[in-house]
Amino acid sequence: CRASNANDTAAGALMLEWLSGFGRDDQDEPLDVDELVAHFAPPEAPQPIDEFELFGIRASDAHKTALYRRDHADEVSSWQECRQQILQQALEPGAWCDVDEHLNLDCLPPCPDSIPFSRNDDGHLFFSSCFESGNLGAAFALGNDEYTLLIDNDTNTDGHNQWYYFAVTNTVAGCSARFTINNFSKKKSLYMDGMQPLVYSYMDGSGWQTGACSDVMWGQSRMTKKNREPYSCLEFTYTFAFDGDCVFFAYHFPYTYSMIMSVVHRLESPPFRDVVRRRFLRKTLFGIPLVLLLITDWGPDPPPEDLDQMEGVHPALLKPGIVITARQHPGESNASWMCHGLLKFLVSDAEEAVKLRRDFCFHVFPCLNPDGVIHGNYRCSLSGDDLNRQWLEPHPITHPTIHCVKEYIRGLQSNSKGAYACFDFHGHSRRTHIFFYGCSFGEGQLKSYRLQLYPKLVSLLHHDVCYEYCSFKMQRSKASTARCVVFRDLGVEHTYTIEASFYGVAVNPNLDDPSANEPNVFTPQRLGKIGPVMGRAMLTLFRANMSRGPRALRRKKAQSRLLDDSGDEADKSCPSEPEEASEASDAASSDSAEALALDPAELLLTVKRDAELRSAEGGSSGGSDSCPSADNKPKEEQARFRSIVVARVTTSRDAKRKSLKGRPARPKAKRPSSAHRRLYSSQASPTPTLTNIEPKVESDRGERPEAPRPTRIRPRSAQPTREPIVYTAVAADRASVKQVL
């Protein structure tokens, strides 16, 4: 875990400061900080390394000049001061962004006066990423107008280079600059489909622009990873319009932690105070508290503003819960914009929102990885872990937010009517549109088709949602994700991952009427429109599914009968080409009222047709859009890092539990062979039935008679009928019966 970049150096120092004050009440001796410094600090006398060789750049050209290095001492100190200021602001109530009464939020970068730029006397641009969510590892000048840039790695990792967010100044009006970012981790990107870098000119004041760059190119870089695979590079040209302007470049519209806290503090004031309560749960490694927002109709006796002072459980918290999470991956800022749109709808005065608050209690976690958001990571937290791969066994120290949320959902399942649904917002870097990843009970089951109703209805209500991209597979590689763990282990059936493209939608422009063309790029306002659509779909389906009684029973029987009666003729009516399916979806989404008025049975039949057509065509793979472990550090370094952190903060009870873990484990039972499973398994009778067991009889010689072998039974596939299989055996005593079984 020795520091290799600025994030690691600052994170190590802040982690030491946090660990020095952790657990002093539970331990007899204070934490030995000097002992941990030996593990975290770099060597005292490092060997001089060529700065170009360090980043894999050929230094054959003498005119290359290092303009910015985030791991230099001056930049590291500035970066530490910036993060300490953010930490103080996060712990103290206040607002840093302007949020109006309608929760409209301006996506503004930081003030240029507060940014420490790395200056030079050669007339080149000044670079800096020492601000919240900023990411730029190094900048080199290849000439007067050409610059090579490198993205900083995620903290405690060897890669995950995707998110960039930096500022330049010392500009000259009319001059163009060519930027090349050389170390993208992924081979494919939406830049190949027309995506462009986001640009914000402080003097222009027109906001973030997507078409300001020219000659945007995506290709293979000359730099290589440790495994000899080449990086990808992005090249673009930008022409400055003002002298001395401060221009920001970003991968996507930023949504910083300060913006999240601004929205949280605005929700604590009127008129949202009547329906929203806020709680601070466990703190992260950086000391940031996990924020929980509770949105519901509290009734005539609302709880106090500080829920920790309330005795017992409020009746409103016993309603069926809907859990909403976002920003497990800190670089996916579009996830926060979708969550922001859903928050605006839930606290609004719309008729659908009032009904939802009356029937449900919404548990919103707007940011599960605040450390990564502040540090400018793309995928990992301070511990270097992908939090969306830690849900099976989250550690309470290295993964505090995931451990807390998982236990919170488990508590909802046991102490109330349970969590009815769970939505996890994410971003996708290789696909267009918005789409869903869901779960399944198995192909061809009615329960699995019912889980696909919600994404289908949302796609009919909103044309940005593409149902053809939705997937409901649960691969083994995704077993540790939030979607699979909440569905399998915690028992929440309606569990979905909502993925939004970093680019937009792929829609053919209208050449006849250019003024009618809607921009294809996903802006914050356009991403927020998914919130009201999701709310109306919840009101349509979830309330209908929760209803009990004869009418609900008849409706479910009608759905089952309709699915059973659907034959090949119904399958032929489904469009076979993707273009025809998208045209049918767009035609249905043109009128939202018609989509909401659909009969659930007819919608269920449509879902079944789409599922059968997709399985016939091969389907689409579900899951995350990248390999999470490709850029992680070796397992030996990860284990060493965890042993240092965890060993110093475990309590005496944890140490005793750890000592018990050292005992030899019980040997695992051998898995029965496939022939044995076929012989002793039956779908109708899972438990074998023994008949004609005779009592114990001894012969004249005092020996026990030999038990005959059981009757050989054909495998289930060879059975002519599905009658229960009865296993017969004749035995003399219990030992012989056990041997026969």
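This structure is a prediction, so every number in the text was calculated from the model and none was measured.

1. Let's talk about the overall build of the protein
Next, step 1: Regarding its fold elements, the protein presents 23 helices and 17 strands.
Next, step 2: Taking contacts inside the protein between residues at least 6 apart in sequence as the whole, the part at least 24 apart equals 77%.
Next, step 3: When the accessible surface of the protein is split by element, carbon and sulfur atoms take 49% of a total near 36700 Å².

2. Concerning the pairing of strand E12 (residues 289-295)
Every regular strand shows the same layout, with side chains that alternate between the two sheet faces.
Next, step 1: Here E12 lies mainly inside the structure; seven of its seven residues are buried.
Next, step 2: Here six bridges tie strand E11 (residues 276-283) to E12, and the two strands are oriented antiparallel to one another. Within the sheet, the bridge partner assigned to Arg279 lies in E12 and is Leu292.
Next, step 3: What sits between the antiparallel neighbours E11 and E12 is a turn of five residues, in which Gly287 has the positive phi angle 90 degrees.
Next, step 4: Examined bridge by bridge, E12 and strand E14 (residues 361-365) share three bridges and lie antiparallel to one another. Across the sheet, the residue bridging to Ile295 is Phe362, located in E14.

3. Some remarks on the sheet that holds strand E5 (residues 165-169)
Next, step 1: A sheet is described by the order of its strands in space; here four strands give the open sequence E2-E5-E10-E7, paired in antiparallel fashion. Strands with a single pairing partner mark the edges of an open sheet, and in this sheet they are strand E2 (126-128) and strand E7 (198-201). The mean inter-strand angle of the sheet, taken between neighbouring strand axes irrespective of direction, is 20 degrees.
Next, step 2: As paired strands, E5 and strand E10 (residues 247-250) are joined by four bridges and run antiparallel to one another. By the bridge assignment, Phe166 is partnered in E10 with Phe249.

4. Examining the pattern of salt bridges
Next, step 1: On inspection of all chains with the given rule, the structure shows ten salt bridges.
Next, step 2: Between Lys226 and Asp158 there is a salt bridge, and its shortest N-O distance comes to 3.4 Å. With a gap of 68 residues between them, Lys226 in the loop between strand E8 (214-224) and strand E9 (230-239) and Asp158 in the loop between strand E4 (146-150) and E5 connect regions that are remote in the sequence.
Next, step 3: For Arg358, the salt bridge is made with Asp359, and the minimal N-O distance between the two is 3.9 Å.
Next, step 4: A relative accessible area of 44% places Arg358 in the partly exposed class.
Next, step 5: Residue classification places Asp359 among the partly exposed positions, given a relative accessible area of 23%.

5. Concerning the nonpolar core
Next, step 1: One finds Phe127, Phe179, Phe423 and Tyr454 to be the most contacted residues of the largest nonpolar core, which totals 136 residues.
Next, step 2: Contact partners of Phe423, with chain neighbours within four places excluded, come to Ile322, Val323, Ile324, Thr325, Tyr454, Tyr496, Ile498, Met534, Met538 and Phe542.
Next, step 3: In terms of nonpolar packing, the next biggest core, distinct from the first, is built from 28 residues, Cys361, Ile402, Ala482 and Val485 among them.

6. A word on helix H11 (residues 453-461)
Since the α-helix packs 3.6 residues into each turn, any two residues three or four apart lie on the same face.
Next, step 1: The element H11 is largely enclosed, with a buried count of nine among its nine residues.
Next, step 2: Among the residues of H11, those classed as buried are Leu453, Tyr454, Pro455, Lys456, Leu457, Val458, Ser459, Leu460 and Leu461.

7. Concerning unusual backbone geometry
Next, step 1: With omega at 0 degrees, the peptide bond leading from Pro270 into Pro271 counts as cis.
Next, step 2: Checked against the element boundaries, Pro271 lands in the loop between helix H5 (257-267) and E11.
Next, step 3: We note that Asp215 has phi near 55 degrees; this positive angle belongs to a residue other than glycine.
Next, step 4: Mapped onto the elements, Asp215 comes out in strand E8.

8. Structural notes on the sheet that holds E8
Next, step 1: Taken together, six strands build an open sheet; the order of strands is E1-E3-E4-E6-E9-E8 and the sheet is mixed. Edge positions in the sheet fall to strand E1 (65-69) and E8, since each of these pairs with one other strand and no more. Within the sheet, the average angular offset between the axes of one strand and its neighbour, ignoring direction, is 25 degrees.

9. Let's talk about the environment of Met203
Next, step 1: You can see Met203 is positioned in the loop between E7 and E8.
Next, step 2: Here Met203 falls in the partly exposed class, since its relative accessible area comes to 44%.
Next, step 3: Taking the C-alpha atoms as reference points, Met203 and Gly244, separated by 41 residues in sequence, lie 9.0 Å from one another.
Next, step 4: Aside from chain neighbours lying at most four places away, what touches Met203 is Phe242, Asp243, Gly244 and Asp245.

10. Considerations on helix H9 (residues 400-415)
Next, step 1: Taking 1.5 Å of rise per residue, the 16 residues of H9 would be expected to cover 22 Å, and the 22 Å separating its terminal C-alpha atoms lies within 8% of that figure.
Next, step 2: Of the surrounding elements, those touching the buried residues of H9 are E11, E12, strand E13 (321-325), E14, strand E15 (419-428) and helix H12 (482-488).

11. Let's talk about the environment of Leu368
Next, step 1: With respect to the helices and strands, the residue Leu368 is situated in the loop between E14 and helix H8 (370-375).
Next, step 2: Among the residues examined, Leu368 registers a relative accessible area of 0% and is labelled buried.
Next, step 3: A sequence separation of 33 residues divides Leu368 from Thr401, and the C-alpha atoms of the two residues are 6.0 Å apart.
Next, step 4: Non-local contacts of Leu368, meaning those with residues more than four positions away in its chain, are made with Leu290, Thr325, Ala326, Arg327, Gln328, Leu387, Trp391, Thr401, Ile402 and Val405.

12. Some details on the packing of aromatic side chains
Next, step 1: Using the criterion set out here, one finds 40 aromatic pairs in the structure.
Next, step 2: Geometrically, the ring pair formed by Tyr191 and Tyr251 is edge-to-face, given 6.2 Å between the ring centres and 65 degrees between the ring planes. Placement of Tyr191 in the loop between strand E6 (176-184) and E7 and of Tyr251 in the loop between E10 and H5 is noted, with a sequence separation of 60 residues between them.
Next, step 3: What makes Tyr191 buried here is its relative accessible area of 6%.
Next, step 4: A relative accessible area of 1% places Tyr251 in the buried class.
Next, step 5: Between Phe436 and Tyr454 the ring centres are 6.1 Å apart and the planes differ by 80 degrees, which places this aromatic pair in the edge-to-face class. Within this pair, whereas Phe436 is found in strand E16 (residues 434-437), its partner Tyr454 is found in helix H11, the two being separated by 18 residues in sequence. An identical accessibility class is assigned to Phe436 and Tyr454; each is buried.
Next, step 6: Arg278 extends its terminal NZ or CZ atom over the ring of Phe280, reaching a point 4.2 Å from the ring centre.
Next, step 7: One Lys or Arg, Lys447, reaches over the ring of Phe441 and ends 4.3 Å from the middle of that ring.

Thresholds, definitions, all that
What you see as residue numbers is a count from 1 along each chain, following the sequence as written. This being a predicted model, a pLDDT of at least 70 is required before a residue's local features are given, and a value of 80 or more before pairs of side-chain atoms are given or counted; all residues contribute to the totals for chains, interfaces and linings. Side-chain metrics in this entry use all non-hydrogen atoms of the structure; hydrogen atoms and water are not considered. Strands here are runs of E lasting at least two residues and helices are runs of H or I lasting at least four, both read from the DSSP assignment and numbered beginning at the N terminus. Should any heavy atoms of two residues lie within 4.5 Å, those residues are considered in contact. We get accessible surface area from the Shrake-Rupley algorithm with a probe of 1.4 Å; when it comes to residues, only the shown protein chains can shield them. Between buried and exposed lies partly exposed: a residue is buried under 20% and exposed over 50% of the maximum accessible area for its type, with that area taken using a 1.4 Å probe on protein chains only. Strands are labelled as partners when DSSP assigns at least two bridges between them. Between N-to-C directions, angles cover 0 to 180 degrees, with each direction set by a line fitted to C-alpha atoms, over the stretch in contact for helices. One speaks of a salt bridge when a side-chain nitrogen belonging to Lys or Arg is within 4 Å of a carboxyl oxygen belonging to Asp or Glu. Residues belong to one nonpolar core when they are buried, are Ala, Val, Leu, Ile, Met, Phe, Trp, Tyr or Cys, and are joined through side-chain atoms within 4.5 Å. Given a helix with a known number of residues, its expected span is that number minus one, times 1.5 Å. Here a Phe, Tyr or Trp ring, Trp counted by its six-membered ring, pairs with any other such ring whose centre lies within 6.5 Å, and the pair is stacked when the planes are under 30 degrees apart, edge-to-face when over 60, and tilted otherwise. Distance and angle both matter: a charge sits over a ring if NZ of Lys or CZ of Arg is within 6 Å of the ring centre and within 35 degrees of the ring normal.

Shape descriptors only; they carry no functional weight alone.
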